Amino acid sequence: MKFIILFAALFAVALAAPRPDVEIVKSDSDVGPEKFNFDWETSDGSTHKANGDLKDAGSDHEAIVVHGSYSWTDEKTGEKFTVTYVADENGFQPSGAHLPVA
């Protein structure tokens, strides 16, 4: 029993080991009262880009519509994943080759 506890503790320490620091290598943004856009990238290759526009400003149907994408690389397999999305009055609508389709 002591061996199992010791093994579990060592396994937890190994999983909690710090990863190399990830730095922001690109960060651009422009934010206005009725629209925004941003684009960033980190040293591990992760990215996120989005732009949003206010739709039907001043009406009862005012909403912001966001179009964007984000990507990352799986540490274990090296496979790159990308999600593109629209977020609007109909909610968050993602799509990507790795996501199931209804």
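Located above this text is the structure these notes cover.
Residues numbered from 1 in each chain as written. Predicted model: local features only at pLDDT ≥ 70, side-chain atom pairs only at ≥ 80, totals over all residues. Heavy atoms only, no water.

Caption draft 1: Summary view of the overall build of the chain. Tallying secondary structure elements over the chain gives 1 helix and 6 strands in all. Overall, the chain shows an N-to-C arrangement of helices and strands of α-β-β-β-β-β-β. Expressed as a percentage of contacts within the chain between residues at least 6 apart in sequence, the contacts between residues at least 24 apart total 11%. (Helix = DSSP H or I, 4+ residues; strand = E, 2+ residues; numbered from the N terminus. Contact = heavy atoms within 4.5 Å.)

Caption draft 2: Representation of the pattern of salt bridges in the model. Applying the stated rule across the entire model yields 2 salt bridges. Residue D39 pairs with K26 through a salt bridge whose shortest N-O separation is 2.9 Å. Highlighted residues: D39 in strand β2 (residues 35–42) and K26 in strand β1 (residues 24–31), separated in sequence by 13 residues. Linking K55 and E89 is a salt bridge whose minimum nitrogen-to-oxygen distance equals 2.9 Å. Separated by 34 residues along the polypeptide, K55 in strand β3 (residues 47–55) and E89 in the loop between β5 (80–88) and β6 (91–95) bring together distant segments of the chain. Judged by relative accessible area, which is 34%, K55 ranks as partly exposed. (Salt bridge = Lys/Arg side-chain N within 4 Å of Asp/Glu carboxyl O. Buried < 20%, exposed > 50% of the residue type's maximum accessible area, 1.4 Å probe, protein only.)

Caption draft 3: Quick look at the sheet that holds β6. One open sheet holds the 6 strands; their spatial order is β1-β2-β3-β4-β5-β6, and the pairing between them is antiparallel. A single partner strand is all that each edge strand has here, and the edge strands are β1 and β6. Shown here is a sheet whose adjacent strand axes are inclined to one another by a mean of 10°, direction ignored. Here 7 bridges tie β2 to β3, and the two strands are oriented antiparallel to one another. The residue of β3 that forms the bridge with N37 is N51. (Pairing = 2+ DSSP bridges. Axes fitted to C-alpha atoms, helices over the stretch in contact; angles between N-to-C directions.)

The quantities given are spatial measurements derived from coordinates; they are silent on function.
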